[in-house]
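Single-letter residue listing:
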Number of protein chains: 2
Amino acid sequence: MPVAHDKMKKRLNADIQKPKIVKQFYKTILAQGFEGASVAKVAKQMQIHPSLILHYFGNKENLTLALVDYVIDAYGSLLKKFKSQDLTPEDRLERLLEALWSREYYEKIDVAGSFAVLAVSFRNEKIHHKIRELYRGLKKFLVREFTYLMDHQVVAAKDPAHMAEVVMTMTEGSRHFRRFIIEEESGDNGQIRRYNQQMMEAAWHYLTGKQKTWPTDPGFSAFPGTPFVR
Amino acid sequence: MPVAHDKMKKRLNADIQKPKIVKQFYKTILAQGFEGASVAKVAKQMQIHPSLILHYFGNKENLTLALVDYVIDAYGSLLKKFKSQDLTPEDRLERLLEALWSREYYEKIDVAGSFAVLAVSFRNEKIHHKIRELYRGLKKFLVREFTYLMDHQVVAAKDPAHMAEVVMTMTEGSRHFRRFIIEEESGDNGQIRRYNQQMMEAAWHYLTGKQKTWPTDPGFSAFPGTPFVR
DNA sequence: TATAATTAATTGAACGTTCAGTTAATTGTT
DNA sequence: AACAATTAACTGAACGTTCAATTAATTATA
């Protein structure tokens, strides 16, 4: 009969352990890249046996697919905020663009994680399909928003589907590009903040046809740069 | 005295062999991903010995750095076309946007290759720096163009550096996004063509403040640009 | 006791790298 | 033109690691 002592590890059921493994896999990818994220390393950091991971996921591909689901869930969760907000149409658009270029949004899933997943999507049709579904949902959401704002004379009368695609292109381009705009000497957050505002203003101009100088700095006052995964 | 027979393999000097290796490395990455592109696989496809690759490049990191240079060269080569063209300012802008969203441009370096390199750039400061230099050059070029076009009243009076960053964001976003807009059933070229035109029009609007409907390409004019959301 | 969670022990293949050795091409000297 | 000296291209075998995966055994929990 085993006696409980300090070092004894609690057994966790699958509902708890599986997400833990996926999150650690994600963290490992951020730190080491997809190539560097082996099952063994993930297990070691969790202090479990590598076989346990394979026990749960069968093979590495399934683990990767679970990770994609995790990334997609986190990615899409921000949209739920907009479900029932009571704002004037103009404020609504402002908030939407601020959300899309907020630090919270683009740090929710580290761009390095996105890249790893996207890179794999070129060779894995299942993953490619999952990402396409993500974008489809995002687009649907934006089309609904833009249609509403069009009815209220805030955005110009163009095809909302086109607008959605252009805005999505701009946000994804920003995720990509943000890392590379920083001047070596001056560096840091000021640049990125300026860049984000600049992109919001461009999006605003594209959508409404009007110039706008952005009033506040979104994401920075409300959320003091807390990365999502630690 | 060596007699030439069919199986005899010519010895190639470094100037020929090294670029060959880099190109095959690139091809292998496209097919197998960065993780899948081992020195051994590259060597096998070239029918040379793995050691030869290490002989030339010392280690895999150097091979990767050489690849990045190759990608960057190919990437930046299109800009040279614009060096001395004789066009009206308006045509010049039109051609520029067409070049940025041309199939030639975005197929020059397969986006899968870009992603592989970009993914590695998160973990390799040398590669990150190289890419930053690429963008710096691209930006410089665009700033010069936009300044010229501003002086000739074609683009609106904004900060040309901002404009350059926004346009670069849009092109990079397009590279990224293009793969995911395709509807499964209807598929392929018509969609991408429509998408590219749509992005060019958005860029034109952002730069000039004016609407523009892009002249349709003769080959594709049969297809009505139907957006894909249900 | 039955079942799920977890570890243990191994496997064979592939990885990047090393190093010593071989063969071809180039160069310098006569 | 001959030919040795030298350089450059290239191979082969083996190194120690790490990889994902399999199979069997053990342990905790319900």
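Since the structure is predicted, the reported quantities are computational estimates derived from the model, not experimental observations.

*Asks:* An account of the relation of the copies chain B and chain A is needed here, citing residue identities and associated values.
*Replies:* Least-squares fitting of chain B to chain A yields an RMSD of 0.1 Å, with the transformation described by 0.0 Å of translation along the axis and a rotation of 180°. Viewed as a symmetry operation, the transformation between the two copies matches a two-fold axis. Among all residues of chain B, the one whose C-alpha sits closest to the rotation axis is B:Gly173, at a distance of 1.8 Å. Most of the interface of chain B is mirrored in chain A: 90% of its interface residues are interface residues there too.

*Asks:* Break down the protein's contact with DNA strand D for me, citing the residues and quoting the values.
*Replies:* Taken together, 24 residues surround DNA strand D, and among them A:Ser38, B:Arg11, B:Ala14, B:His49 and B:Ser51 come closest. Considering the 4 Å shell around the protein, atoms of DNA strand D inside it are sugar or phosphate in 62% of instances. Here B:Ser51 contributes a side-chain N or O atom positioned 2.5 Å from a base oxygen of DNA strand D. B:Tyr56 places a side-chain nitrogen or oxygen 3.0 Å from a phosphate oxygen of DNA strand D. For the surface near DNA strand D, the secondary structure elements donating two or more residues are α2 (39-46) and α3 (50-57) of chain A together with α1 (14-36) and α3 (50-57) of chain B. No other element matches the four residues that α3(B) contributes to the surface near DNA strand D.

*Asks:* Mind laying out the pattern of salt bridges, listing which residues take part and the relevant values?
*Replies:* Under the definition given, this model contains 20 salt bridges over all chains. When the shortest N-O distance is used, the salt bridge between A:Arg136 and A:Glu133 registers 3.1 Å. Of this pair, A:Arg136 and A:Glu133 are both found in helix α8 (residues 125-151), three residues apart, which corresponds to roughly one turn of the helix. A:Arg136 gets classed as buried once you look at its relative accessible area, which sits at 10%. A:Arg175 is paired through a salt bridge with A:Glu172; the nearest N and O atoms lie 3.9 Å apart. Residue A:Arg175 and its partner A:Glu172 are located together in helix α9 (residues 160-177), separated by three residues, close to a single helical turn. Neither residue differs from the other here; A:Arg175 and A:Glu172 are each classed as buried. Each of A:Lys139, A:Glu165 and B:Arg194 takes part in a single network of salt bridges with overlapping partners.

*Asks:* If you had to explain the environment of A:Phe25 to someone new, which residues and values would you point to?
*Replies:* Residues and elements named next belong to chain A. As for its position among the elements, phenylalanine 25 is in helix α1 (residues 14-36). In this structure, the C-alpha to C-alpha distance between phenylalanine 25 and alanine 43, residues 18 residues apart in sequence, is 8.9 Å. Setting aside its immediate chain neighbours within four residues, phenylalanine 25 contacts Phe34, Ala37, Val42, Lys60, Leu63, Thr64 and Leu67.

*Asks:* Account for the packing of helix α7 (residues 111-121) of chain A against α8(A), with residues named and values stated.
*Replies:* All names here are of chain A. It is the contact of α7 with α8, at a shortest axis distance of 7 Å, that shows an interaxial angle of 125°. Put simply, α7 runs oblique to α8. Counting all contacts with α7, which are made through Val117, Leu118, Val120 and Ser121, the residues of α8 involved are Ile127, His128 and Ile131. For the contact of α7 with α8, the residue count by class is five nonpolar, two polar and no charged.

*Asks:* If you had to explain the interface of chain B and chain A to someone new, which residues and values would you point to?
*Replies:* Facing the 50 residues of chain B at the interface are 49 residues of chain A. Taken together, the two surfaces of chain B and chain A that pack against each other cover about 4800 Å², and 63% of this comes from carbon and sulfur. Here chain B is connected to chain A by four salt bridges. B:Arg194 is the partner of A:Glu165 in a salt bridge, and the nearest nitrogen-oxygen pair spans 3.1 Å. Between the two partners, chain B and chain A, sit 20 residue pairs in polar contact (both at pLDDT 80 or more). Within the residue set of the side of chain B that touches chain A, elements represented by two or more residues are α1, α7 (111-121), α8 (125-151), α9 (160-177) and α10 (189-208) of chain B. Examining the composition of the side of chain B that touches chain A, we find that 11 residues originate from one element, α9(B), more than from any other. For the side of chain B that touches chain A, the class distribution of residues is 23 nonpolar, 15 polar and 12 charged.

*Asks:* Account for the side chain of A:Glu165, with residues named and values stated.
*Replies:* Examined against the element boundaries, A:Glu165 turns out to sit in helix α9. At a separation of 3.1 Å, a polar atom in the side chain of A:Glu165 contacts the side chain of B:Arg194.

*Asks:* Go over the side chain of B:Gln198 with me, naming the residues and quoting the values.
*Replies:* Note that B:Gln198 resides in helix α10. On the accessibility criterion, B:Gln198 (5% relative accessible area) is buried. At 2.6 Å, the side chain of B:Gln198 forms a polar contact with the side chain of B:Arg194. Once residues lying within four places of it in the same chain are set aside, the contact partners of B:Gln198 are A:His162, A:Glu165 and A:Val166.

*Asks:* Tell me what's going on with the packing of aromatic side chains, and back it up with residues and numbers.
*Replies:* Applying the stated criterion across every chain, the model contains 15 aromatic pairs over all chains. Seen from their ring centres, A:Tyr135 and B:Phe177 are 5.0 Å apart, and the 70° between their planes marks the pair as edge-to-face. Of this pair, A:Tyr135 sits in helix α8 while B:Phe177 sits in helix α9, on two different chains. For the pair formed by A:Tyr135 and B:Phe177, the shared burial category is buried. Where B:Tyr26 meets B:Tyr70, the ring centres are 5.8 Å apart and the plane angle is 70°; that geometry is what we call edge-to-face. Separated by 44 residues along the polypeptide, B:Tyr26 in helix α1 and B:Tyr70 in helix α4 (residues 60-76) bring together distant segments of the chain. Take B:Tyr70: its relative accessible area is 28%, and that puts it in the partly exposed class. Ring pairing ties together the aromatic residues A:Phe115, A:Phe122, B:Phe115 and B:Phe122, which thus form one cluster. Taking the ring centre of B:Tyr206 as reference, the NZ or CZ of B:Lys158 above it sits at 4.0 Å. Lying over the aromatic face of B:Tyr106, B:Arg178 brings its terminal NZ or CZ to 3.5 Å of the ring centre.

*Asks:* Would you mind going over the protein's contact with DNA strand C in detail, with residue names and values included?
*Replies:* Looking at DNA strand C, there are 21 residues lining it, with A:Arg11, A:His49, B:Arg11, B:Ser38 and B:Lys60 nearest. The protein-proximal atoms of DNA strand C, defined as those within 4 Å of the protein, are 65% sugar or phosphate. Within the side chain of A:Ser51, a nitrogen or oxygen atom sits 3.0 Å from a base nitrogen of DNA strand C. In this structure, a phosphate oxygen belonging to DNA strand C sits 2.8 Å away from a side-chain N or O atom of B:Lys60. Looking at the surface near DNA strand C, the element that brings in the most residues is α3(A), giving four residues. Classifying every residue of the surface near DNA strand C gives eight nonpolar, eight polar and five charged.

Basis of the calculations
Residues numbered from 1 in each chain as written. Chains lettered and ligands numbered in written order. Predicted model: local features only at pLDDT ≥ 70, side-chain atom pairs only at ≥ 80, totals over all residues. Heavy atoms only, no water. Least-squares fit on C-alpha atoms with pLDDT ≥ 70 in both. Contact = heavy atoms within 4.5 Å. Near = heavy atom within 4 Å. Polar contact = N/O pair within 3.5 Å; in protein donor to acceptor, adjacent residues only side chain to side chain. Helix = DSSP H or I, 4+ residues; strand = E, 2+ residues; numbered from the N terminus. Salt bridge = Lys/Arg side-chain N within 4 Å of Asp/Glu carboxyl O. Buried < 20%, exposed > 50% of the residue type's maximum accessible area, 1.4 Å probe, protein only. Axes fitted to C-alpha atoms, helices over the stretch in contact; angles between N-to-C directions. Parallel < 35°, antiparallel > 145°, perpendicular 65-115°, else oblique. Nonpolar A, V, L, I, M, F, W, Y, C, P; charged D, E, K, R; others polar. Buried area = accessible area lost by both parts, 1.4 Å probe. Phe/Tyr/Trp six-rings, centres within 6.5 Å; stacked < 30°, edge-to-face > 60°. Lys NZ or Arg CZ within 6 Å of the ring centre and 35° of its normal.

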